[in-house]
Amino acid sequence: ARLAVLISGSGSNLQALIDDSQRADAPFEIGLVISNRADAAGLERAGRAGIPTQTLSHRGFETRAAYDTALAELLAAQAPDLIALAGFMRILTPGFVEQWQGRMLNIHPSLLPNYRGLHTHARVLEAGDPWHGATVHFVTAELDGGPAILQARVPVLADDDPARLAARVLAEEHRIYPLAVRWFAEGRLVLGSDHRAWFDEQ
Ligand code: GRF
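Thresholds applied
- Per chain, residues are indexed from 1 in the order of the written sequence.
- The model is predicted, so local features are restricted to residues of pLDDT at least 70 and side-chain atom pairs to those at 80 or more, both for listing and for counting; the totals for chains, interfaces and linings are taken over all residues.
- In computing side-chain properties, one takes all heavy atoms of the structure into account and sets aside hydrogens as well as water.
- UniProt positions are given in the numbering used here, feature names are shortened, and annotations may be inferred rather than shown by experiment.
- Think of it this way: any DSSP run of H or I at least four residues long counts as a helix, any run of E at least two long counts as a strand, and we number them from the N terminus.
- What makes two residues a contact is simply this: any of their non-hydrogen atoms within 4.5 Å.
- By convention in this text, a residue qualifies as near a molecule or strand provided that one of its non-hydrogen atoms is within 4 Å of it.
- Any N or O atom pair separated by 3.5 Å or less is treated as a polar contact, with the protein-specific requirement of one donor-capable and one acceptor-capable atom, and with residues adjacent in sequence counted only for side-chain atom pairs.
- To measure how exposed things are, a 1.4 Å probe is used in the Shrake-Rupley method; for residues, cover is taken only from the protein chains shown.
- Three classes are used, and their members are as follows: Ala, Val, Leu, Ile, Met, Phe, Trp, Tyr, Cys and Pro are nonpolar, Asp, Glu, Lys and Arg are charged, and the others, Gly among them, are polar.

- The name given to the protein in an unreviewed UniProt entry is Phosphoribosylglycinamide formyltransferase, and the organism recorded there is Halochromatium salexigens.
- Recorded under Catalytic activity (unreviewed entry), the UniProt text for the protein is reproduced unchanged: "N(1)-(5-phospho-beta-D-ribosyl)glycinamide + (6R)-10-formyltetrahydrofolate = N(2)-formyl-N(1)-(5-phospho-beta-D-ribosyl)glycinamide + (6S)-5,6,7,8-tetrahydrofolate + H(+)".
- UniProt lists a comment for the protein under the heading Sequence similarities (unreviewed entry), and it reads "Belongs to the GART family."

Dropping the structure here:
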């Protein structure tokens, strides 16, 4: 299966996907990396791996819909089987999401449905929760609301600060994202009409 990865920043999840795609048993390859920021370090990671990159800045687009139309055109040239949002910090329009529903994943640094949105690590610490984690989910029009596919849990430690907790969560993200992408590439993941993610044993 051919994957397109959308990024905005460091691209450590992209790196995890690149590393996994290079294993002999990987059922997927990364055909394109698109960033909405020209300064995203993830673009260098893609370059080092010989993966084509495109930068699509939101500047110059009057509306979110116009941006998404340009994004769709970039993707159409590649015709990926799957889109992986990896630290992509733009909200996509319902029209774009609809086009890719069932073929677009995201990784979110919380145990969804808890802590949708931003600054999840600080919010978990603030709440005094004993557990935190990450979720790979199908992308739907509802921000961070799509059906969960795979989650990883980490303990919150007494002397944690947001950065330390984020690092612990990020390590788990790097573990579960490639696994979920493999499942999709192997045809074992379906977004059901009941809005639930189904994992099919083969
Ligand atoms: C991290 O906060 C991660 O939890 C979330 O996006 C941010 C950047 O990730 N998925 P990355 O290093 O750019 O993949």
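Having seen the model, we can carry on.
1. A closer look at the UniProt feature "domain: Formyl transferase N-terminal" (unreviewed entry) in the protein
Part 1 of the reasoning: According to UniProt, the "domain: Formyl transferase N-terminal" (unreviewed entry) feature falls on residues 2-181.
Part 2 of the reasoning: Its end C-alpha atoms 10 Å apart, residues 2-181 is made of 38% helix and 23% strand.

2. So, the side chain of arginine 182
Part 1 of the reasoning: Looking at the secondary structure, you find arginine 182 in helix α6 (residues 162-185).
Part 2 of the reasoning: Not counting the four nearest positions on each side in its chain, arginine 182 is found in contact with Asp20, Arg23, Asp25, Ala26, Pro27 and Phe28.

3. A short note on the site of the ligand
Part 1 of the reasoning: Around the ligand lies a shell formed by Ser10, Gly11, Ser12, Asn13, Gly87, Ile107, Pro109, Leu170 and Glu173.
Part 2 of the reasoning: Residue glycine 11 places a main-chain N or O atom 2.8 Å away from an oxygen atom belonging to the ligand.
Part 3 of the reasoning: Contact between the ligand and serine 12: an oxygen atom at 2.6 Å from a side-chain N or O atom of the residue.
Part 4 of the reasoning: For the ligand, the protein covers 80% of the area, taking 360 Å² as the surface of the free molecule.
Part 5 of the reasoning: Contributing elements (two or more residues each) for the shell around the ligand: α1 (12-21) and α6.
Part 6 of the reasoning: Its residues placed into classes, the shell around the ligand shows 3 nonpolar, 5 polar and 1 charged.

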